[in-house]
Amino acid sequence: MKNNVSPDDLQVFLAVLAEGGFRAAAERIGVAPSKVSTTISRIEEKLGVPLLLRTTRSVRATEQGQLLAERVAPLLSEVDAAVMETANSKDLVRGRLKLNVPGAVMPDILPPLLSDFQRRHPAVEVELVVENGLVDIIAAGCDAGIRYGAHLEKDMISIRVGPRVQQVALAASPGYLAEREHPRTPADLLRHDAIRYRLLSGRLLPWVLKDGDQTIDVEAVTRLTLSVNALNTGLTFARNGLGIIGAFRSWLESDFADGTLVPVLPDYWSEQDGPHLYYSSCSASAPLRAFIDSCQNSSRQNCRLRPDI
């Protein structure tokens, strides 16, 4: 004899126990009392044991009925919770988002993007791999990458993240400039100490200035060379008076406001294109699609706030 009982019938059984009677259970469920009675009889017949002790005044569980209720109540509660969660999760994104990014986006561009993204999608785990060279993100097991002006493969899609352009600034501490003659022209930089970054290729990150339509490559005397991965460290050395440093202006704004660093030759600062997110056109995970939407939304908001970017 088959003794399988449907979850709906078990819910009726639990309702009778919870309400203490067939009529009250029927009102709670929204069915006729006769249907409740028929359901209980069907369960008892299938299981071959009595589940309820019925009197004219009350209904209570038998020993077998009590054991059954204690076992199935938590399970049915979990089922209800799972169904509710699934119904409410059509916009819930889960999983992992692994991004390969250069160190240049870590101080100022990526933190607000990720803050907004994780506020919208708290169930996504984000992993950042910081590398400065162009990376095959598929081979590296990453969902997407961020790069400046990188040449991308044909099957890659690119969207802008962060500012449209970034100004490359020069700065030094007030103490350093008090001991040395303040540069008035790009040529004056040749008589100053430079804090510079070395790229992974071995080449020093160039100092490029603009004089009208003319581009000026400055070969300053390098007194301190840092790995390109040590971006924030360079600012610390500059604050301590070791020389002039070249960095994105956005990194330096708080130092300029506090007076810990002073702009050097601001009329000659150059600009470069802002960073782009790139990813494969073949596939995009749900977390990546959500991150793309978040980046595009942030870009639209920035354009409304700053029409010049």
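Residues numbered from 1 in each chain as written. Predicted model: local features only at pLDDT ≥ 70, side-chain atom pairs only at ≥ 80, totals over all residues. Heavy atoms only, no water.

Details of the overall build of the chain
What counts here: A run of H or I in DSSP counts as a helix once it spans at least four residues, and a run of E counts as a strand once it spans at least two, with each numbered from the N terminus. When we talk radius of gyration, it's over C-alpha atoms, and the globule rule is simply 2.2 Å times the number of residues to the 0.38. Burial classes follow relative accessibility: with a 1.4 Å probe on protein chains only, a residue under 20% of its type's maximum area counts as buried, one over 50% as exposed, and anything between as partly exposed. The contact criterion used is simple: two residues touch if any of their non-hydrogen atoms lie within 4.5 Å. Under this rule, positive means Lys or Arg and negative means Asp or Glu; His and the chain ends count for nothing. Note on charges: their place is set at NZ of Lys, CZ of Arg, CG of Asp or CD of Glu.
In terms of regular secondary structure, the chain is built from nine helices and 15 strands. Radius of gyration (C-alpha) of the chain: 34 Å, far over the 19 Å computed for a compact globule of 309 residues. Principal-axis analysis of the C-alpha atoms places the extent of the chain at approximately 105 × 45 × 35 Å. By the burial criterion, 38% of the 309 residues in the chain qualify as buried. When contacts within the chain are restricted to residue pairs at least 6 apart in sequence, long-range pairs at least 24 apart make up 72% of them. Of note, the chain has its 34 positive side-chain charges centred 5 Å away from the centre of its 37 negative side-chain charges.

Focus on empty space enclosed by the protein
Defined as follows: Grid spacing is 1 Å over the protein atoms alone, the probe is 1.4 Å, and a cavity is where that probe fits but cannot get out, while a pocket is an open set with protein on both sides within 12 Å along at least five of seven lines and lining residues have an atom within 4 Å of a point. Grid points are joined across faces, edges and corners, and a volume is the space filled by probe spheres set on the points. Polar here means any residue outside two lists: the nonpolar Ala, Val, Leu, Ile, Met, Phe, Trp, Tyr, Cys and Pro, and the charged Asp, Glu, Lys and Arg; Gly therefore counts as polar.
According to the stated counting rule, one finds one cavity of 30 Å³ or more in the structure shown. When its volume is computed, the largest cavity comes out at roughly 40 Å³. Taken together, Val168, Leu170, Pro206, Trp207, Val208, Leu209 and Gly246 make up the full set of residues lining the largest cavity. At the level of secondary structure, the elements contributing two or more residues to the lining of the largest cavity comprise strand 7 (165-172) and strand 9 (207-211). At three residues, strand 9 tops the list of elements feeding residues into the lining of the largest cavity. Of the residues assigned to the lining of the largest cavity, the class counts are six nonpolar, one polar and no charged.

Considerations on the sheet that holds strand 6 (residues 156-160)
As a reminder of what qualifies: Should DSSP find at least two bridges between two strands, the strands are taken to pair. Here the axes come from fitting lines to C-alpha atoms, over the contacting stretch only for helices, and the angles between their N-to-C directions go from 0 to 180 degrees.
With mixed pairing, five strands are arranged side by side in an open sheet as 4-3-5-15-6. The strands lining the two open edges of the sheet, one partner per strand, are strand 4 (124-130) and strand 6. Mean inter-strand twist for the sheet, computed between neighbouring axes without regard to direction, equals 25 degrees. The pairing of strand 5 (residues 144-148) with strand 15 (residues 275-280) spans four bridges and is classified as antiparallel. Counted as the bridge partner of glycine 145 is tyrosine 278 from strand 15. Running at roughly 165 degrees to strand 4, helix 5 (residues 110-120) makes contact with strand 3 (95-101), strand 4 and strand 5 of the sheet.

Observations regarding helix 2 (residues 22-29)
How we decide: Working definition: the arc comes from the directions between the helix axis and the C-beta atoms, pointing outward to the latter.
Of all the residues in helix 2, the buried ones are Phe22, Ala25 and Ala26. Taken end-on, helix 2 shows its buried residues confined to a sector of 100 degrees, consistent with a single buried face. Within helix 2, the exposed residues directed more than 90 degrees away from the buried face are Arg23, Glu27 and Arg28. The inward-facing, buried residues of helix 2 contact helix 1 (7-19), helix 3 (33-47), strand 1 (52-54) and strand 2 (59-61). Just downstream of helix 2, glycine 30 is the residue with a positive phi angle, here 90 degrees.

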